[in-house]
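Survey of secondary and tertiary structure
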Amino acid sequence: MNRRAFLAGFGAAALGLAARARPIRVAVDTRRRLAAIPSDFLGLGYEISSVAIPGLLSARDRTYVQLVRTLSPRGVIRIGGNTSDYASFKRDAKAVSAPKGTVINNVSLRQLGTFLEATNWRLIWGLNLGSGNERQAVAEAEAVTEAVDSKLLAFQIGNEPDLFGGRHRPSGYSYEDYLKEFRRYRDGIRAKLPQTPFAGPDVAGATDWVTRFAVEEARDLKLLTHHYYRQCAGPSSTLSKLLHPDPKLGPELAKLRAASKKADIPYRICEANSFCGGGQPGVSDTFGAALWGLDFLFTLAYAGCSGVNLETGVNQLGFVSSYSPIRRGEQGGYIATPLYYGMLAFGRASRGRCVAVDCDASGANVTAYAVAGDRAGLSVTIINKDASLDADVSLSLPKTMGDGRILRLKAPSLQSKEGVRFGGSAVTTDGRWRAAGETEVFRSRGGRGAVHVPRGSAVVLKWE
């Protein structure tokens, strides 16, 4: 092939690729301020069995501590899960990590206390309602309070009590049954620890329990709590499903927000991830999950949620979940997975208050969000979850905005498990991240500019 034929062919191919880009308009209105994003919005969730693993949640593991701090200087660790309703606290016994036989001791709790101090994150701790009793819960609450001190955000009593019927309780176990037990446990703990904060009802899906709990316990709650997964892992848990909107999420968040506002109590999705049961291999551990996670976090923030805890590590079945943001690497130590990068991007783009965004996606699977800081800073996040269409985004901003920085979240493909970058950089082996020195510049003239967002990627535009 001669040079002219080659260039003609190359030009035709380029035009073909250009035809696959969809023009999209995004307008940001910073005058319309929406929900504030708390500084401790980001969180991680662990089964209580993880606490019994020596050295895991400990200040001694500097890389793990740094990975958590890199996500956010403040956040919330939630300890609970299905294993918490089979676990026991035995002050001086040997620690045991097991799906239905975890034993937590004083050493386990002191180790956790050092981890919270090193990360500056706070704690939600789940007490055993499923197979425990009030006396044991009081002893455990005293030990946790002593070990973590001011880092305690709240205790929860029971994990997913709306699923207790036929599991921990007879069939037909109701909200009224749970409320009686909750109050008995709470009163027993308060008799020993009068200032103890509580959260609940920590349901899997019974949003009406949260609505009723908000009314009946409004004067005595720190948080309303609920769980979320798209569905449980299985053959229908595809990447395409994950990357498209969940029709049940919006209505569920609307109910939670209404209950929260009426009771004047913040709500938190304290256990969440892509697909329950440890995630779907080849989906939950890919770059597609990073884009889902980034979009999911902003969806919650815009719905007035006070925060979310994404599950990580050893699950209720005893193996490390595919959806873990942090997991042990093949060469040892801990590494950031693709989902971690979605959380990282959110952490860098969510410092302030959500503002109104009008996104005309023209049928493409593209979403946009914006957050205004307290000192005139602005972040705009555009997520292209489309597998086949690039996005040529025309962005309208306040006329006073000048040039900004472009931080890209990208990987070789949506199916990639490695090679993820944010702002041109990977998370280092010691858990740190810093944007590459030469980042792209977003040119804005009179409040208008444009940015290309390739299929299966995202951008964060920042004005300091």
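As a reminder, the structure under discussion sits directly above these lines.
Note that this is a predicted model, so its numbers are computed, not measured.

1. Brief notes about the overall build of the chain
For the chain, the helix and strand inventory stands at 10 helices and 22 strands. Whereas a compact globule of 464 residues would reach a radius of gyration of roughly 23 Å, the chain reaches 23 Å, a difference of no more than 12%. By the burial criterion, 57% of the 464 residues in the chain qualify as buried. Within the chain, contacts between residues separated by at least 24 positions form 76% of all contacts whose residues are at least 6 apart in sequence. Total accessible area computed for the chain in this model is approximately 19700 Å², and 51% of it derives from carbon and sulfur atoms. If you average the places of the 60 positive and of the 43 negative side-chain charges in the chain, the two averages end up 5 Å apart.

2. Structural notes on the sheet that holds strand β11 (residues 308-311)
Here eight strands make up an open sheet; going across it, the order is β7-β6-β3-β2-β11-β10-β9-β8 and the pairing parallel. In this open sheet, the two strands that pair with only one neighbour each are β7 (152-157) and β8 (199-203). For this sheet, the mean angle separating the axes of adjacent strands, direction not counted, is 20°. Pairing of strand β6 (residues 122-127) with β7, which is carried by five bridges, proceeds in the parallel orientation. Bridge pairing links tryptophan 125 to phenylalanine 155 in β7. Sheet strands in contact with helix α8 (residues 249-263) are β9 (223-232) and β10 (267-276), and its direction is about 175° off that of β9.

3. Some thoughts on unusual backbone geometry
Following glycine 200, the chain continues into proline 201 via a peptide bond in cis, with omega recorded as 5°. Assignment of secondary structure puts proline 201 in strand β8. A positive phi angle is found at glutamate 160, which is not glycine, with a value near 50°. Assignment of secondary structure puts glutamate 160 in the loop between β7 and α5 (175-192). Judged by its relative accessible area of 8%, glutamate 160 is buried. With a phi close to 60°, aspartate 202 is a non-glycine residue in the positive phi region.

4. Regarding the side chain of asparagine 309
Within the secondary structure, asparagine 309 sits in strand β11. With residues up to four places along the chain from it excluded, the contact list for asparagine 309 reads Gly43, Leu44, Gly45, Val76, Ile77, Arg78, Arg268, Ile269, Cys270, Glu271 and Ala272.

5. Quick look at the state of the cysteines
Inspection of the entire model under this criterion finds one disulfide. Disulfide pairing is shown between cysteine 232 and cysteine 276; the S-S distance is 1.8 Å. Judged by the torsion about the S-S bond (-100°), the cysteine 232/cysteine 276 disulfide is left-handed. Note that cysteine 232 is positioned in strand β9 and cysteine 276 in strand β10, a separation of 44 residues in sequence. Cysteine 270 forms no disulfide, and the closest cysteine sulfur to it belongs to cysteine 305, at a distance of 9.8 Å. Exposure remark for cysteine 270: the relative accessible area of 0% places this residue in the buried category. Its sulfur unpaired, cysteine 354 is 11 Å from the next cysteine sulfur, which belongs to cysteine 305.

Cut-offs used in this document
Residues numbered from 1 in each chain as written. Predicted model: local features only at pLDDT ≥ 70, side-chain atom pairs only at ≥ 80, totals over all residues. Heavy atoms only, no water. Helix = DSSP H or I, 4+ residues; strand = E, 2+ residues; numbered from the N terminus. Rg over C-alpha atoms; globule rule 2.2 N^0.38 Å. Buried < 20%, exposed > 50% of the residue type's maximum accessible area, 1.4 Å probe, protein only. Contact = heavy atoms within 4.5 Å. Areas by Shrake-Rupley, 256 points an atom, 1.4 Å probe, with all protein chains shown as cover. Lys, Arg positive; Asp, Glu negative; His and termini not counted. Charge placed at Lys NZ, Arg CZ, Asp CG, Glu CD. Pairing = 2+ DSSP bridges. Axes fitted to C-alpha atoms, helices over the stretch in contact; angles between N-to-C directions. Disulfide = S-S within 2.5 Å.

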